[in-house]
Amino acid sequence: MEKVYEFLKNAGAYYLATVDGDQPRVRPFGTVNVFEGKLYIQTGKAKNVSKQIHANPKVEICAFKDGSWIRVSGELVEDDRREARVSMLDAYPDLKAMYDPDDGNTEVFYLKDATAVISSFTAAPETIEL
């Protein structure tokens, strides 16, 4: 899992794909954190992406860096504990201008039953189970 975290963190931005009815939706994200041995992302409850995740928690993440790319497929599970939100905001202090662990909007999700595949044009794919 650490390798997946490092890849996403070092890529700077990754793309999160969700489903909105029968339409795929993809958008850039930047938050990724490890808390209690799980890989977390963060968003706001007021955003459409949050509504899409709650309606269908199966997602895919994709990022590219240094000639390699990663795809992470799995299910997002909301962690409504304050400690999880605080951990994410501590990892991204710039977000504290927009989010607060007690604002009723900040939410964090961890990946469950996820599989990551790191690929490139020059090496065999590497599969990592999270």
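Check the entry above for the structure.
Definitions and cut-offs
Residues numbered from 1 in each chain as written. Predicted model: local features only at pLDDT ≥ 70, side-chain atom pairs only at ≥ 80, totals over all residues. Heavy atoms only, no water. Buried < 20%, exposed > 50% of the residue type's maximum accessible area, 1.4 Å probe, protein only. Helix = DSSP H or I, 4+ residues; strand = E, 2+ residues; numbered from the N terminus. Pairing = 2+ DSSP bridges. Arc of directions from axis to C-beta. Core = buried A, V, L, I, M, F, W, Y, C linked by side-chain atoms within 4.5 Å. Contact = heavy atoms within 4.5 Å.

Novice: Describe the pairing of strand S7 (residues 106–120), naming the residues involved and giving the relevant values.
Specialist: Within S7, 11 of the 15 residues are buried, leaving the element largely enclosed by the surrounding structure. Note: strand S4 (residues 38–44) against S7, 5 bridges, orientation antiparallel. The residue bridging Gly44 from the neighbouring strand is Thr106, located in S7. With 11 bridges connecting them, strand S6 (residues 68–79) and S7 associate as antiparallel partners. The residue of S7 that forms the bridge with Val72 is Ala116. Both S7 and strand S8 (residues 126–129) contribute to a ladder of 4 bridges, which runs antiparallel.

Novice: I'd like a rundown of helix H1 (residues 2–11), residues and numbers included.
Specialist: Along H1, the residues classified as buried are Val4, Tyr5, Phe7 and Leu8. On an axial view of H1, the arc spanned by its buried residues comes to 165°, and they lie on one face. Backbone geometry just downstream of H1 places Gly12 in the positive-phi region, at approximately 90°.

Novice: I'd like to hear about the nonpolar core, residue by residue, with values.
Specialist: Core analysis: the largest hydrophobic core is formed by 34 residues, its most contacted members being Leu8 and Ile70. Elements represented by at least two residues in this core include exactly H1, strand S1 (14–20), S4, helix H2 (48–55), strand S5 (58–65), S6, helix H3 (82–91) and S7. Looking at this core, the element that brings in the most residues is S7, giving 7 residues. Those residues in contact with Ile70 that sit more than four places away from it in its chain are Val4, Phe7, Leu8, Ile61, Cys62, Ala63, Ala116, Val117 and Ile118.

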